Amino acid sequence: MAEDSGQERTEDPTAKRQKESREKGQVARSRELNTLAVVMVAALGLLLLGPGMASKLMDLMIYNFSLEREVLYSTDTMGLHLLASIRQGLSVIGPLFLMLLVAALVGPVLLGGWLFSAKLLAPKGERLNPLAGLKRMFSIKALVELLKAIAKFLVVLAMALLVLHMRTDDLMALSNEALPGAIFHSGWVLGTSLLLLACSLIVIAAVDVPFQIWDNKQKTRMTKQEVRDEYKDSEGKPEVKSRVRQLQREMAERRMMGEVPKADVVITNPTHYAVALKYDPVHSGAPVVLAKGADFLAQKIREVATEHDVIVLESPPLARAVFYSTELDQPIPAGLYLAVAQVLAYVYQVRQFQEGKGKRPGPMPEPPIPNDLRRDE
């Protein structure tokens, strides 16, 4: 399909797709790496533990072939003898088996990490479908696996023939050695041969691991449409996000309007801007903006202030300066301290006159606004 149709998997998987794929058990795994880990541990185990195992197994053989006549005719004694032989045999081969068990558990974790997915244990009807089984048998993946198996067989066969050629003299010499020496010698030959065969598996794993990583990445790649759909699901549809933002704005406006009655003064533009200021010398060192708005919101601030007897003063330069330089619930900048102080002093005079304790104040002088804070229309 064409790329612009949105159906080709050309996009890298998102974090969400990677997480979902991992939950489904779709991670890179390499059987060749697992086989390499087990065989390598087995070879190293034979080289390290082989001499001691050979000696103890030889002692076990002597123990079982040197029975007295009375023991042979006693069923109870023979049973105890058998149990003792089993315990001794397990103690000899147990460390090697434990090493192999650890390798079998750690090998799969080397690529893809630890993963337990309950979804893989769930029964699936498609696995019982004969047609689906035939499709898997004759798929490209099955062909690749077949070619890998043939290549692995040839590599291991070539290494086995090479090892056999290298160890021919050692194998022929075993027949001329005494039994204890032959046992130790054969353990060493077996360990080194297995180690060389494991080295051949390194080549196979070095090819298979990058292929499995690439193949798993190809399976999790996404189309452009899938990326867009996932973005919509995670971020929300545009109309829903717009509605959420609208509700958030309405809630913020209601909270802000609830603060207007607490203001000492509302300074207006007179129609385009309005800011409500509160000065609390005990809790704040500077006047704080309780509400601000433009156009319709400015009109609402003026209406709420009038309803609650908050003094509304017109000072376009100061209203614009506070509106653009200060956020809600934040103190005004230091450059506006003098201007706002003059306004609050005038408000105090108005309050005194309203309470009958002073003369009617004249027109409020225009507060001084620093050039860096002045905002002209």
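- As recorded in an unreviewed UniProt entry, the protein goes by Flagellar biosynthetic protein FlhB and comes from Halopseudomonas bauzanensis.
- Regarding the protein, the relevant UniProt record gives this comment under Function (unreviewed entry): "Required for formation of the rod structure in the basal body of the flagellar apparatus. Together with FliI and FliH, may constitute the export apparatus of flagellin."
- Quoted straight from UniProt, the Sequence similarities (unreviewed entry) entry for the protein says "Belongs to the type III secretion exporter family."

## Description of the UniProt feature "transmembrane region" (unreviewed entry) in the protein
Alright, step 1. If you check UniProt for "transmembrane region" (unreviewed entry), the listed places come out as residues 33–54, 96–122, 143–166 and 186–211 in our numbering.
Alright, step 2. Here residues 33–54 runs as 100% helix and 0% strand, with 29 Å between its end C-alpha atoms.
Alright, step 3. Helix makes up 100% of residues 143–166 and strand 0%, and the two end C-alpha atoms of the span are 35 Å apart.

## Concerning the sheet that holds strand S3 (residues 288–294)
Alright, step 1. With respect to topology, four strands assemble into an open sheet ordered S3-S2-S1-S4, the strand pairing being mixed. Among the strands making up the open sheet, the edge pair consists of S3 and strand S4 (311–314). Ignoring which end each strand starts from, the neighbouring axes of this sheet average 20 degrees apart.
Alright, step 2. Strand direction decides the pairing type here: strand S2 (residues 273–278) and S3, joined by six bridges, are antiparallel. Looking at the pairing, Tyr-273 lines up with Ala-294 of S3.

## Overview of the packing of aromatic side chains
Alright, step 1. Tallying each qualifying case throughout the model produces four aromatic pairs.
Alright, step 2. Ring geometry for Phe-211 against Trp-214: centres 6.1 Å apart, planes inclined by 35 degrees, an arrangement best described as tilted. Remark: Trp-214 and Phe-211 occur in helix H8 (residues 179–220); sequence separation between them is three residues, near one turn of the helix.
Alright, step 3. In this structure Phe-211 comes out as partly exposed when scored by relative accessible area, which is 28%.
Alright, step 4. Relative to Tyr-324, the ring of Phe-323 lies with its centre 5.2 Å away and its plane at 85 degrees, an arrangement referred to as edge-to-face.
Alright, step 5. Phe-323 sits in the buried class, given a relative accessible area of 16%.

## Regarding a nonpolar patch on the surface
Alright, step 1. Together, Leu-143, Leu-146, Leu-147, Ile-150, Phe-153, Leu-154, Leu-157 and Leu-161 give the surface a local cluster of nonpolar side chains, amounting to about 780 Å² of exposed area.
Alright, step 2. Examined against the element boundaries, Leu-161 turns out to sit in helix H6 (residues 140–166).

## Observations regarding the packing of helix H2 (residues 31–65) against helix H4 (residues 75–106)
Alright, step 1. Running from N to C, H2 and H4 cross one another at 170 degrees; their axes reach a closest spacing of 9 Å. Taken together, the axis directions place H2 and H4 in an arrangement best described as roughly antiparallel.
Alright, step 2. Split into classes, the residues belonging to the contact of H2 with H4 amount to 19 nonpolar, six polar and one charged.

## Some thoughts on the nonpolar core
Generally speaking, nonpolar side chains in soluble globular proteins are found buried as a group.
Alright, step 1. Formed by 25 residues in total, the largest nonpolar core has its most connected members in Val-265, Ile-267, Leu-277, Leu-313, Leu-318, Leu-336 and Val-343.
Alright, step 2. Among the secondary structure elements, those contributing two or more residues to this core are strand S1 (265–268), S2, S4, helix H12 (316–325) and helix H13 (337–354).
Alright, step 3. Counting residues per element, this core draws most heavily on H13, at seven residues.
Alright, step 4. Ignoring sequence-local partners within four residues, the contact set of Leu-318 consists of Ile-267, Leu-336, Ala-339, Val-340, Val-343, Pro-367 and Ile-369.
Alright, step 5. Counting residues in each nonpolar core, the second largest holds 15 residues, with Met-256, Val-266, Ala-276 and Ala-298 among its members.

## Here's the deal with the environment of Leu-373
Alright, step 1. Summarising the element assignment, Leu-373 is placed in the segment after H13.
Alright, step 2. Residue class for Leu-373 comes out buried when judged on its relative accessible area of 17%.
Alright, step 3. Residues within four places of Leu-373 in sequence aside, it is in contact with Ala-321, Ser-325, Pro-333, Gly-335 and Leu-336.

## Topic: the pattern of salt bridges
Alright, step 1. Using the criterion set out here, one finds five salt bridges in the structure.
Alright, step 2. Between Asp-215 and Lys-219 there is a salt bridge; the shortest N-O distance is 3.3 Å. Within this pair, Asp-215 and its partner Lys-219 are both found in helix H8, separated by four residues, close to a single helical turn.
Alright, step 3. For Asp-215, a relative accessible area of 18% gives the class buried.
Alright, step 4. A relative accessible area of 48% means that Lys-219 is categorised as partly exposed.
Alright, step 5. When the shortest N-O distance is used, the salt bridge between Lys-278 and Asp-264 registers 3.6 Å. Of the two residues, Lys-278 is situated in strand S2 and Asp-264 in the loop between helix H10 (238–259) and S1; the sequence distance between them amounts to 14 residues.
Alright, step 6. Here Asp-264 falls in the partly exposed class, since its relative accessible area comes to 23%.

## Some remarks on the pairing of S2
Alright, step 1. Within S2, five of the six residues are buried, which leaves it mostly tucked inside the rest of the structure.
Alright, step 2. The sheet contact formed by S1 and S2 spans four bridges and is antiparallel. In the sheet register, Val-266 faces S2, and the bridge partner there is Ala-276.
Alright, step 3. Here S1 folds back onto S2 in antiparallel fashion, the turn holding four residues.

## Brief notes about the side chain of Lys-292
Alright, step 1. Its location among the elements puts Lys-292 in strand S3.
Alright, step 2. Despite its burial, Lys-292 pairs with no opposite charge, the nearest such side chain being Glu-327 at 4.2 Å.
Alright, step 3. Separated by 2.9 Å, the side chain of Lys-292 and the backbone oxygen of Phe-323 make a polar contact.
Alright, step 4. There is a polar contact of 2.7 Å between the side chain of Lys-292 and the backbone oxygen of Thr-326.
Alright, step 5. The residues touching Lys-292, leaving out its near neighbours within four places in the chain, are Met-256, Ala-274, Val-275, Leu-297, Ile-301, Phe-323, Thr-326, Glu-327 and Leu-328.

The rules behind each value
Residues numbered from 1 in each chain as written. Predicted model: local features only at pLDDT ≥ 70, side-chain atom pairs only at ≥ 80, totals over all residues. Heavy atoms only, no water. UniProt positions renumbered as here; feature names shortened; annotations may be inferred. Helix = DSSP H or I, 4+ residues; strand = E, 2+ residues; numbered from the N terminus. Pairing = 2+ DSSP bridges. Axes fitted to C-alpha atoms, helices over the stretch in contact; angles between N-to-C directions. Phe/Tyr/Trp six-rings, centres within 6.5 Å; stacked < 30°, edge-to-face > 60°. Buried < 20%, exposed > 50% of the residue type's maximum accessible area, 1.4 Å probe, protein only. Patch = residues over 30% accessible without salt bridge, like charges linked within 9 Å, V, L, I, M, F, W, Y side chains within 5 Å. Areas by Shrake-Rupley, 256 points an atom, 1.4 Å probe, with all protein chains shown as cover. Salt bridge = Lys/Arg side-chain N within 4 Å of Asp/Glu carboxyl O. Parallel < 35°, antiparallel > 145°, perpendicular 65-115°, else oblique. Nonpolar A, V, L, I, M, F, W, Y, C, P; charged D, E, K, R; others polar. Core = buried A, V, L, I, M, F, W, Y, C linked by side-chain atoms within 4.5 Å. Contact = heavy atoms within 4.5 Å. Lys, Arg positive; Asp, Glu negative; His and termini not counted. Polar contact = N/O pair within 3.5 Å; in protein donor to acceptor, adjacent residues only side chain to side chain.

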